[in-house]
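Here are the chains, one letter per residue:
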Amino acid sequence: MEYIITTEQLTKKYKNFVSVNNVSLHIRKGSIYGFLGPNGAGKSTTMKMLLGLTAPTKGSFAIDGRHFPEDRIDILKEVGSFIESPSFYANLTGRENLDIIRRILGLPETSVDDALELVGLEEFGGRLAKKYSLGMKQRLGLAGALLGRPPVLILDEPTNGLDPSGIHEIRNLVKSLPDLYDCTIMISSHMLSEIELMADDIGILNHGNLLFEGSLEDLRHSAGKAESTNLEDVFLTMVEQDNTSRKQRAKL
């Protein structure tokens with residue numbers, strides 16, 4: 001099995017607080033990997049380490065055969081990212097905003113129209129960013145991540161703040177990307193029903209520890225649940241069991 005992202009005992013500490021604790025991930029090439037966990041579990045911190053935005057305290061990772069930190073620049077060229085809410089220049093058009101990113105990355109001019117087409121904004125590229133709806137801004141953020149069609153996408157809460165229609169649009173877009181071009185997607189979301197509909201594999205983080213990694217079917221089996229049980233129920237059961245176990249250990 002070919003993995004495009006691997007981490008080995010990835011750890012991030014802030015003084016006496018451990019945000020990410022010895023996490024070893026294995027993300028298959030061409031898959032959509034749902035990265036789940038409660039608030040404060042360490043999901044965003046893990047993603048930021050993979051993007052070189054914060055340095056690991058311990059451990060290592062590799063993306064597409066390149067290792068951090070020695071191949072940091074080459075890794076960043078391979079990865080498109082969307083972390084939390086994207087920011088834009090309000091008085092520039094969507095196309096002009098993307099063109100700034102394109103020039104920084106040294107990509108051809110055609111990559112802007114290609115990214116707009118991928119996210120369905122080709123008709124609105126000339127509209128000022130301040131006149132975009134929230135859903136359109138999220139799409140524009142995804143277009144920025146898709147510039148140059150990078151082989152790896154890291155998306156942190158891309159449906160955050162959207163109404164049901166916008167969530168549906170983003171889900172269908174993300175789900176279609178591996179077929180549109182050969183890419184691998186790591187995506188975090190609190191919308192577990194959406195992850196259930198799009199992810200091939202699941203990773204669950206709680207208090208910085210990786211509780212589970214594998215297919216949804218394996219997850220249900222691991223939690224002792226029936227095949228018809230939805231992801232939210234399985235997730236909550238696993239997290240509650242871990243929290244209970246942590247409390248019991250703390251009393252000893």
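Before reading further, recall that the structure is shown in the block above.
Criteria and cut-off values
- Residues numbered from 1 in each chain as written.
- Predicted model: local features only at pLDDT ≥ 70, side-chain atom pairs only at ≥ 80, totals over all residues.
- Heavy atoms only, no water.
- Pairing = 2+ DSSP bridges.
- Helix = DSSP H or I, 4+ residues; strand = E, 2+ residues; numbered from the N terminus.
- Axes fitted to C-alpha atoms, helices over the stretch in contact; angles between N-to-C directions.
- Contact = heavy atoms within 4.5 Å.
- Core = buried A, V, L, I, M, F, W, Y, C linked by side-chain atoms within 4.5 Å.
- Buried < 20%, exposed > 50% of the residue type's maximum accessible area, 1.4 Å probe, protein only.
- Patch = residues over 30% accessible without salt bridge, like charges linked within 9 Å, V, L, I, M, F, W, Y side chains within 5 Å.
- Areas by Shrake-Rupley, 256 points an atom, 1.4 Å probe, with all protein chains shown as cover.
- Salt bridge = Lys/Arg side-chain N within 4 Å of Asp/Glu carboxyl O.
- Polar contact = N/O pair within 3.5 Å; in protein donor to acceptor, adjacent residues only side chain to side chain.
- Phe/Tyr/Trp six-rings, centres within 6.5 Å; stacked < 30°, edge-to-face > 60°.

**Student:** Quick question: what am I supposed to make of the pairing of strand 1 (residues 3–14) here?
**Tutor:** Remark: a regular strand shows side chains that alternate across the two faces of the sheet. Bridge count between strand 1 and strand 3 (residues 26–28): 3 bridges; the pairing is antiparallel. Residue Tyr 3 lies in a different strand from strand 3, and its bridge partner there is Arg 28. Two strands pair when backbone bridges link them, and strand 1 and strand 5 (residues 58–63) are joined in this way by 5 bridges, in the antiparallel orientation. Bridged to Thr 6 within strand 5 is Ala 62. Pairing between strand 1 and strand 2 (residues 17–23): 4 bridges, direction antiparallel. Each residue of the ladder has a partner; that of Tyr 14, found in strand 2, is Phe 17. Between the antiparallel neighbours strand 1 and strand 2 lie 2 residues, among them Lys 15 with a positive phi of about 55°.

**Student:** Teacher, can you tell me more about the sheet that holds strand 7 (residues 79–83) here?
**Tutor:** Through backbone hydrogen bonds, the strands of a sheet pair up, either in parallel or in antiparallel fashion. Across the sheet, which stays open at both edges, the 6 strands sit in the order 7-8-9-4-10-11 with mixed pairing between neighbours. This sheet does not close on itself; its edge strands, each paired only once, are strand 7 and strand 11 (209–215). Going across the sheet, the axis of each strand differs from the next one's by a mean of 15°, ignoring polarity. Bridge analysis of strand 4 (residues 32–36) against strand 10 (residues 201–206) gives 4 bridges, and the strand direction is parallel. Paired with Gly 34 across the bridge in strand 10 is Ile 202.

**Student:** For this particular structure, what's the right way to read the environment of Leu 155?
**Tutor:** Counting through the fold element by element, Leu 155 comes out in strand 8 (residues 152–156). The residues contacting Leu 155, other than those within four sequence positions of it, are Met 47, Phe 82, Leu 142, Val 174, Ile 185, Met 186, Ile 187 and Ser 188.

**Student:** Looking at this structure, I do not really get the nonpolar core. What am I missing?
**Tutor:** For soluble globular proteins, nonpolar side chains are generally found buried alongside one another. By size, the foremost hydrophobic cluster in this structure holds 45 residues, and its most contacted members are Leu 153, Ile 185 and Leu 219. A total of 6 residues in this core trace back to one element, the largest contributor, which is helix 5 (residues 134–146). When sequence neighbours within four positions are dropped, the list of residues in contact with Ile 185 reads Ser 31, Ile 32, Tyr 33, Leu 153, Leu 155, Val 174, Leu 177 and Pro 178. Ranked by size, the runner-up nonpolar core spans 24 residues in total, among them Val 20, Leu 51, Ile 83 and Ile 154.

**Student:** Explain a nonpolar patch on the surface to me, please; I cannot follow it from the model alone.
**Tutor:** A cluster of nonpolar side chains, contributed by Ile 101, Ile 104 and Leu 105, occupies part of the molecular surface with about 290 Å² of accessible area. For Ile 101, the location among the structural elements is in helix 3 (residues 94–105). Exposure remark for Ile 101: the relative accessible area of 31% places this residue in the partly exposed category.

**Student:** Help me understand the side chain of Ser 31, please; the structure alone is not making it clear to me.
**Tutor:** As for its position among the elements, Ser 31 is in the loop between strand 3 and strand 4. From its side chain, Ser 31 meets the backbone oxygen of Arg 28 in a polar contact 2.6 Å long. Setting aside residues up to four positions removed in sequence, Ser 31 forms contacts with Cys 183, Thr 184, Ile 185, Asp 200 and Asp 201.

**Student:** Explain the packing of aromatic side chains here, please?
**Tutor:** Centre distance and the angle of the planes are the two values used to describe a pair of aromatic rings. Under the definition given, this model contains 2 aromatic pairs. Aromatic side chains Tyr 33 and Phe 35 sit 6.4 Å apart centroid to centroid with 40° between the ring planes, which places their arrangement in the tilted category. Like Tyr 33, the residue Phe 35 is buried in the burial classification. The interplanar angle of 15° and the centroid separation of 4.8 Å between the aromatic rings of Phe 61 and Phe 68 together place this pair among those described as stacked. Using a relative accessible area of 3% as the deciding quantity, one classes Phe 61 as buried.

**Student:** So what exactly am I meant to see when it comes to unusual backbone geometry here?
**Tutor:** Most peptide bonds are trans, and most residues other than glycine sit at a negative phi. Following Phe 68, the chain continues to Pro 69 via a peptide bond in cis, the omega torsion being 10°. Topologically, Pro 69 is positioned in the loop between strand 6 (66–67) and helix 2 (72–78). Backbone geometry at Gln 9 places phi at a positive 50°, although glycine is not the residue there. As for its position among the elements, Gln 9 is in strand 1. For Asp 64, which is not glycine, the phi dihedral falls at a positive 55°. Among the structural elements, Asp 64 can be located in the loop between strand 5 and strand 6. Take Asp 64: its relative accessible area is 28%, and that puts it in the partly exposed class.

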